[in-house]
Amino acid sequence: MDVSTYRRRPHLWRAEAGKSDRRVRPSPLSVSSVISLGLGSAGRRPVPVTAASKKGLLVTATKEPPALTPDISSPTIRKANRRSNFPIIDLYKSSVGKKWIMALTGIMLMGFVLFHMIGNLKMYLGESHFNEYAEFLRQLLVPIVPPTGVLWILRLGLIGAFALHIQSAYALTRINHKARPVNYKSPRDYVAVNWAARTMRWSGIIVGLFLLWHLADLTWGWANPDFVNGNPYSNVATSLDRAPVAALYILANIALGFHLYHGAWSIFQSLGSMSARFNPRHNPLRRGFAAGFAILVAGVNITFPIAVLTGVVG
Ligand code: HEM
């Protein structure tokens, strides 16, 4: 029906409008057809009041039609940070700064697990060697500093690195979630990105929980009924002789291996991509280093509970 027919017979238009009442949701087609009929221009003809128009669902001449194109505006991802007087704090508040903190604290923690693993190898040399090594760490730089002084400085550095590592991981995860409230469209991207992110999350949580147990077990002695102060060799032997505890150590070290692999690889990506000399052609080498480091640390650590269970140590 053309415009002139509707002008001559307004009851037909009313009937049409009554039908669209049942259609409820206006589609771009109905909007454009109303406009093309010339009935969309304000002031021409009174528009019948229907249930749908009361709800604001019917497109009428007295109302702005809804946008014909999909809403492509994105929500504000993050409010701009207010500048402080300290550039280092401004850097930390930015995503780039957090990635740097993650990477630098990650390197410190990688250094710790590597040296801890090398130190633990002394276990294979026997009780006296292992206990002497532990005592050597306590006596570092004595008498310039009091006993365990250097150890405590190292411990505080380690605690600080650990806290900053977790805090920036949490903050970066939140920023990522806010930046991508909608899932990836391609299942391939989704799988690739989320596998790495999820692996880091679960392995990080397992390693963190293991660490609490590990300290209660071998440093404070709460979780080991046979704990002997100042005799780490005997403590390792009596603790890992319990099969569930040995299994826990093995599981935690597998999680540590995954965490180290993804972590080392991400460090290269975070720090490397900010450098003009970053060459993606060396990525296989970087992956090789990340995998080698993870397998070395986790693999050697796993030998300790196996050695205790099989009687090689103890
Ligand atoms: C099977 C593997 C491991 C063994 C046999 C082992 C053994 C030990 C022992 C014997 C101590 C006490 C040292 C002492 O008091 O003199 C200790 C402390 C500690 N371990 Fe492990 N460890 C292992 C894996 C790990 C892993 C994977 C981590 C980190 C994720 C870790 C982190 C620590 C920390 C933070 C301390 C406390 C250091 C200190 O207070 O000076 N350990 N470990």
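All of these numbers come straight from a predicted model, not from anything done at the bench.

## A few points about the overall build of the chain
Here's step 1: When helices and strands are counted, the chain shows 12 helices and zero strands.
Here's step 2: Each helix and strand of the chain, placed in order from N terminus to C terminus, yields the pattern α-α-α-α-α-α-α-α-α-α-α-α.
Here's step 3: When burial is assessed residue by residue, the chain has 14% of its 314 residues classed as buried.

## Some details on the packing of helix α6 (residues 95-120) against helix α12 (residues 283-309)
Here's step 1: Taken N-terminus to C-terminus, the directions of α6 and α12 make an angle of 35°; their axes are 10 Å apart at the nearest point. The crossing of α6 and α12 is left-handed. Residues V113, L114, M117 and N120 of α6 touch α12, and the partners they reach there are V297, V300, N301 and F304.
Here's step 2: Grouping the constituent residues of the contact of α6 with α12 by class yields six nonpolar, two polar and no charged.

## Considering the nonpolar core
Grouped burial of nonpolar side chains is what soluble globular proteins tend to show.
Here's step 1: M123, L256, L260 and A294 are the most contacted members of the largest nonpolar core, which has 19 residues in total.
Here's step 2: Examining the composition of this core, we find that seven residues originate from one element, helix α11 (residues 243-272), more than from any other.
Here's step 3: M123 has contacts with F130, Y233, V236, F304 and V313, leaving out every residue within four places of it along the chain.

## Looking at unusual backbone geometry
Here's step 1: Cis peptide bonds are those with omega within 30 degrees of zero, and the linkage from V142 to P143 qualifies with 10°.
Here's step 2: Residue placement: P143 occurs in the loop between α7 (127-138) and α8 (149-179).
Here's step 3: Not every positive phi belongs to a glycine, and L141 is a case in point at roughly 60°.
Here's step 4: Overall, the presence of 12 C-beta atoms within 10 Å leaves L141 in the exposed class.
Here's step 5: Of note, T148 is a non-glycine position whose phi angle comes to about 65°, a positive value.
Here's step 6: Looking at the element boundaries, T148 is found in the loop between α7 and α8.
Here's step 7: Given 14 C-beta atoms within a 10 Å radius, T148 is considered partly exposed.

## Quick word on the site of the ligand
Here's step 1: Contacts to the ligand come from 20 residues, most closely from A134, L218, P232, N301 and F304.
Here's step 2: The biggest single contributor to the shell around the ligand is helix α9 (residues 187-219), with six residues.
Here's step 3: By residue class, the composition of the shell around the ligand is 13 nonpolar, six polar and one charged.

## Let's talk about the packing of α6 against α8
Here's step 1: Orientation of α6 relative to α8, taken along the N-to-C sense of each, is 140°, at an axis distance of 8 Å. If you check the angle between α6 and α8, you find them oblique. Both α6 and α8 take part in a crossing whose hand is left-handed. Facing α6, whose interface residues are S95, K98, K99, I101, M102, T105, G106, M108, L109 and F112, α8 presents L158, A161, F162, L164, H165, S168, A169, A171, L172 and I175.
Here's step 2: Classifying every residue of the contact of α6 with α8 gives 13 nonpolar, five polar and two charged.

## Structural notes on the confidence of the model for the chain
Here's step 1: For the chain, mean pLDDT is 82; residues scoring 70 or higher make up 71% of the total.
Here's step 2: Considering each helix and strand of the chain separately, the mean pLDDT is smallest for helix α3 (residues 28-36), with a value of 44, and largest for helix α10 (residues 232-240), with 97.
Here's step 3: This model gives residues 21-44 a pLDDT under 50, and the stretch forms 36 contacts once residues within four places in sequence are excluded.

## Topic: the environment of D226
Here's step 1: By secondary structure assignment, the location of D226 is in the loop between α9 and α10.
Here's step 2: Counting along the chain gives 13 residues from D226 to S239, while the straight-line C-alpha distance between them is 7.8 Å.

## Here's the deal with α11
Here's step 1: Across its 30 residues, α11 extends 43 Å between first and last C-alpha, which sits within 8% of the 44 Å expected from 1.5 Å per residue.
Here's step 2: Restricting attention to buried positions, one finds in α11 the residues Y249, A252, N253, A255, L256, G257, H259, L260, Y261, G263 and A264.

## Regarding the environment of M108
Here's step 1: Inspection of the secondary structure puts M108 in helix α6.
Here's step 2: C-beta crowding within 10 Å serves as the criterion here: with 15 such atoms nearby, M108 is assigned to the partly exposed category.

Definitions and limits used
- Residues numbered from 1 in each chain as written.
- Predicted model: local features only at pLDDT ≥ 70, side-chain atom pairs only at ≥ 80, totals over all residues.
- Helix = DSSP H or I, 4+ residues; strand = E, 2+ residues; numbered from the N terminus.
- Buried ≥ 20, exposed ≤ 12 C-beta atoms within 10 Å, placed from the backbone.
- Axes fitted to C-alpha atoms, helices over the stretch in contact; angles between N-to-C directions.
- Left-handed = near helix turned anticlockwise from the far one by under 90°.
- Contact = placed C-beta atoms within 7 Å.
- Nonpolar A, V, L, I, M, F, W, Y, C, P; charged D, E, K, R; others polar.
- Core = buried A, V, L, I, M, F, W, Y, C linked by C-beta atoms within 7 Å.
- Near = placed C-beta within 6 Å.
- Parallel < 35°, antiparallel > 145°, perpendicular 65-115°, else oblique.
- pLDDT = per-residue confidence, 0-100.
- Expected span 1.5 Å × (residues − 1).

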